[in-house]
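Inside the fold
Chain residues, written in single-letter form:
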Amino acid sequence: MTQRITRFLLPAIVPALLVALWWMASAGSTSIFFPPLAKIWQRFHELWIFDLVGEHVVSSLNSVLIGLGISIVLGVGLGIVLGLNDAIATAVGPLLQFMRYLPAVAMLPLAIQLMGIGPDMRVLIVVLGALWPVLLNTVDGVRGVHPALVDVAKSNRLRPIDWVVRVVVPSASPQIFAGIRASLAVSVILMFASELMGASQGIGYFILETQRQFSLPEMWSGMILLGVIGYLLNVILLLVERFALDWHRESRS
Amino acid sequence: MQSISTPILEADGIGKSFGDNQVLSDVTFSVAKGQFVCIVGPSGTGKTTLLRALSGLGPANSGEVRVNGRVVVQPPAELAVVFQDYSRSLMPWMKVGKNVELPLRRLGLSREERRKRVEQALRDVDLGHAEELYPWQMSGGMQQRAAIARSLAYRPEILIMDEPFASVDAQTRADLEDLMLDIRDRLGVSIVLVTHDIEEAVYLGDKVIVLSGRPASVAASVEIPLGTGRDQIETKSRPAYLELRAEIHRMIMRKSDTVAPQRAPR
């Protein structure tokens, strides 16, 4: 029991200490760039619980979740097809690597030109960046199915559907999840970048606007909010992964 | 249960090479219905290669394998394979029951019929209690039992086993050997078991195929007249058993000195 409490508390200690330190160190601050944390917290409370949530947070989460969702569906689907077809995978391999290393933000100007600054454009930018980690990891995972399992499948004459759904995908799932986690990080970055350039709402837009108006406590509150949202999305994903890959963790311990 | 006339499995002049490396040359033998045939030979003789050819997983370059008279080009429906590496042959994301059920899905059985077959197969290997366990929650011996159950569930006529007991402890191994004899007796399935262990081959087999040379061919085909109802202690202390064991041992020793392949005595 004490062990569980320690494991739960230990990761909270460092952030708590840092926040306390920040709070005390900034208490008397008169710098407009580094306002007292108390002041930031007050603005955070006024703005984000829950006045502007509908306007900015919903818009940002929309870009991330829809963009990431499309990336996962496309990435896993295409990744399975490519992973199962050596010839196609070899043929498009260089293209995939090229796309992966082409920063999706580089396509922002073109996307804005073509689609304007609406939510669709932002989702597209997220997909253009977040697709590749999950896609490439799925291809790797599918190709990495152990030869012993191929023998088992052949000698048992599994139906192709059973082979893919019940063997290949579960076997690749640890790598697919690793890809999704990388895609999530990319999604948050691209959501933010696309809001800086092409939005009239969203947390990125809010941070840029408040900076331009020298409303620095508000700007800080936006940055903190962004961090909190990213952290929470990651926690949710880890919980899903823990549940889905229970067998993987246990079978290795 | 021994040597009834028509062979269920025939290997006819099997040859196999990988590039310039010829592994098998003119391997010929047959397995009768309900017969327990052990293929024995030192490590590296190509036993696994032969097994892959027999099961249709890695077709031979020359000669042919026939199951029930039909030439094998891919894994035939009446044949099941149990692999050496049980820890890799079971799916760790599926409970044992689901693992056993997996090959049944293609048979178009009702859900209830599938369940019955899974339960039956698990009972056949004394794993009736383990359906809801994951493979990694079980010992090595239990995992290999589960793999055997998966092979039995679709009721094959021939079970091909590749060093199935190589990585379990001696007691478990003895239990599993007796289990296989019992399964053959109860279910009437023919078993081809590949092993490097001469004792195991003589204890289990109705017939022992001695594989040796490079490339490997059949050095001898030895009938084992020890009858049914074998016992780990009693059978293994009988003079006939000891004599056969020594005879096969000598054959392998003698044969592995020579490099050139010899024709197998028929």
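Residues numbered from 1 in each chain as written. Chains lettered and ligands numbered in written order. Predicted model: local features only at pLDDT ≥ 70, side-chain atom pairs only at ≥ 80, totals over all residues. Heavy atoms only, no water.

Topic: the overall build of chain B
Helix and strand counts for chain B come out as eight helices and ten strands. Here chain B has a C-alpha radius of gyration of 18 Å; the compact-globule value for 266 residues is 18 Å, and the two agree. By its C-alpha atoms, chain B is 55 × 40 × 35 Å across when sized along the principal axes. Out of the 266 residues belonging to chain B, those deemed buried represent 56%. In chain B, the share of contacts with a sequence separation of at least 24, taken over all contacts with a separation of at least 6, comes to 69%. A total of about 11300 Å² of accessible surface is found on chain B, and carbon and sulfur atoms cover 48% of it. The centroid of the 34 positive side-chain charges in chain B is displaced by 5 Å from the centroid of its 34 negative side-chain charges. (Helix = DSSP H or I, 4+ residues; strand = E, 2+ residues; numbered from the N terminus. Rg over C-alpha atoms; globule rule 2.2 N^0.38 Å. Buried < 20%, exposed > 50% of the residue type's maximum accessible area, 1.4 Å probe, protein only. Contact = heavy atoms within 4.5 Å. Areas by Shrake-Rupley, 256 points an atom, 1.4 Å probe, with all protein chains shown as cover. Lys, Arg positive; Asp, Glu negative; His and termini not counted. Charge placed at Lys NZ, Arg CZ, Asp CG, Glu CD.)

Details of the sheet that holds strand S4 (residues 62-67) of chain B
Residues and elements named next belong to chain B. Read across the open sheet, the four strands follow the order S2-S1-S4-S5; overall the sheet is antiparallel. Edge strands, defined here as strands with exactly one partner in the open sheet, are strand S2 (21-32) and strand S5 (70-71). Two strands pair when backbone bridges link them, and S4 and S5 are joined in this way by two bridges, in the antiparallel orientation. When the bridges of S5 are listed, Arg 66 appears paired with Val 71. (Pairing = 2+ DSSP bridges.)

A word on the environment of Ala 11 of chain B
Residue and element names in this part refer to chain B. If you trace the backbone, Ala 11 turns up in strand S1 (residues 7-18). Once the C-alpha coordinates of Ala 11 and Asp 175 are considered, the two residues, 164 residues apart in sequence, prove to be 30 Å apart. Once residues within four sequence positions are removed from consideration, Ala 11 is found in contact with Val 27, Thr 28, Phe 29, Leu 54 and Glu 64.

Focus: the interface of chain B and chain A
Taken together, the 21 residues of chain B in the interface contact 19 residues of chain A. Here chain B packs against chain A, burying approximately 2100 Å² in sum over the two surfaces, 66% of which is carbon and sulfur. Where chain B packs against chain A, one counts one salt bridge. In this structure, the salt-bridge partner of Arg 52 of chain B is Asp 151 of chain A, at a minimum N-O distance of 2.6 Å. Looking at the side of chain B that touches chain A, the elements that each hand over two or more residues are strand S6 (79-82) and helix H2 (86-89) of chain B. When its residues are assigned to classes, the side of chain B that touches chain A shows 15 nonpolar, one polar and five charged. (Buried area = accessible area lost by both parts, 1.4 Å probe. Salt bridge = Lys/Arg side-chain N within 4 Å of Asp/Glu carboxyl O. Nonpolar A, V, L, I, M, F, W, Y, C, P; charged D, E, K, R; others polar.)

Thoughts on the pattern of salt bridges
All names here are of chain B. Applying the stated criterion across every chain, the model contains 33 salt bridges over all chains. The salt bridge partner of Asp 85 is Arg 88, with a shortest N-O separation of 3.7 Å. On the basis of relative accessible area, Arg 88 is assigned to the partly exposed category, the value being 42%. Among the salt bridges present, the one from Lys 116 reaches Glu 113, with a minimum N-O distance of 3.9 Å. With Lys 116 and Glu 113 both in helix H4 (residues 111-124) and three residues apart, the pair spans about one turn of that helix. Here Glu 113 falls in the partly exposed class, since its relative accessible area comes to 25%. Each of Glu 10, Asp 12, Glu 64 and Arg 66 takes part in one network of salt bridges that share partners.

What about unusual backbone geometry?
All names here are of chain B. Cis geometry is adopted by the peptide bond preceding Pro 215, which originates at Arg 214 and carries an omega value of 0 degrees. By secondary structure assignment, the location of Pro 215 is in the loop between strand S9 (207-212) and strand S10 (217-223). Of note in this structure, Glu 163 is not a glycine but carries a positive phi near 40 degrees. Position of Glu 163 relative to the elements: it lies in the loop between strand S7 (158-162) and helix H6 (170-187). Of the residues examined, Glu 163 reaches a relative accessible area of 10% and is grouped as buried.

A word on helix H2 (residues 37-48) of chain A
All names here are of chain A. Between the first and last C-alpha of H2 there are 15 Å, a value that for twelve residues agrees with the 16 Å anticipated at 1.5 Å per step. Taken residue by residue, H2 has Leu 37, Ile 40, Arg 43, Phe 44, Leu 47 and Trp 48 as its buried positions. The buried residues of H2 occupy one face: seen down the axis, they fall within an arc of 120 degrees. Looking at the buried positions of H2, the neighbouring elements they touch are helix H1 (2-25), helix H3 (53-84), helix H9 (203-212) and helix H10 (216-244). (Expected span 1.5 Å × (residues − 1). Arc of directions from axis to C-beta.)

Some details on the nonpolar core
Soluble globular proteins tend to bury their nonpolar side chains together. Leu 9, Phe 29, Ile 39, Leu 50 and Leu 54 of chain B are the most contacted members of the largest nonpolar core, which totals 85 residues. For this core, the leading source of residues is helix H8 (residues 160-197) of chain A, giving twelve residues. Each residue touching Leu 9 of chain B, except ones within four places of it in the same chain, is listed here: Phe 29, Ser 30, Val 31, Leu 54, Val 65, Arg 66, Val 67, Ile 158 and Val 192 of chain B. Ala 80, Leu 127, Ala 153 and Ile 248 of chain B belong to the second largest nonpolar core, which has 53 residues in total. (Core = buried A, V, L, I, M, F, W, Y, C linked by side-chain atoms within 4.5 Å.)

Side note on the confidence of the model for chain B
All names here are of chain B. For chain B, per-residue confidence averages 87 on the pLDDT scale, and 94% of positions sit at 70 or higher. For residues 259-266, every residue scores under 50 in pLDDT, and the model assigns this stretch twelve contacts once sequence neighbours within four places are set aside. Here the complex is predicted with pTM 0.84, and the ipTM for its interfaces comes to 0.83. (pLDDT = per-residue confidence, 0-100.)

Some details on the packing of H3 of chain A against H10 of chain A
Residues and elements named next belong to chain A. Between H3 and H10, whose axes approach to 12 Å, the crossing angle comes to 40 degrees. In terms of orientation, H3 and H10 fall into the oblique class. Considering how the two elements wind past one another, H3 and H10 form a crossing that is right-handed. Every residue of H10 that contacts H3 at Val 57, Leu 61, Val 64 and Leu 65 is listed here: Leu 225, Ile 229 and Leu 233. Across the contact of H3 with H10, the residue classes tally to seven nonpolar, no polar and no charged. (Axes fitted to C-alpha atoms, helices over the stretch in contact; angles between N-to-C directions. Parallel < 35°, antiparallel > 145°, perpendicular 65-115°, else oblique. Left-handed = near helix turned anticlockwise from the far one by under 90°.)

Some details on the sheet that holds S9 of chain B
Residues and elements named next belong to chain B. With respect to topology, six strands assemble into an open sheet ordered S6-S7-S8-S3-S9-S10, the strand pairing being mixed. The open sheet has two edge strands with one neighbour each: S6 and S10. Between one strand axis and the next, the sheet turns through 15 degrees on average, direction left out of account. One ladder, built from four bridges, connects S6 with S7; its direction is parallel. Pairing of Ala 80 across the sheet is with Leu 159, part of S7. Packing of helix H1 (residues 47-54) onto the sheet brings it into contact with strand S3 (36-40), S6, S7, strand S8 (190-195) and S9, and relative to S7 it is tilted by some 155 degrees.

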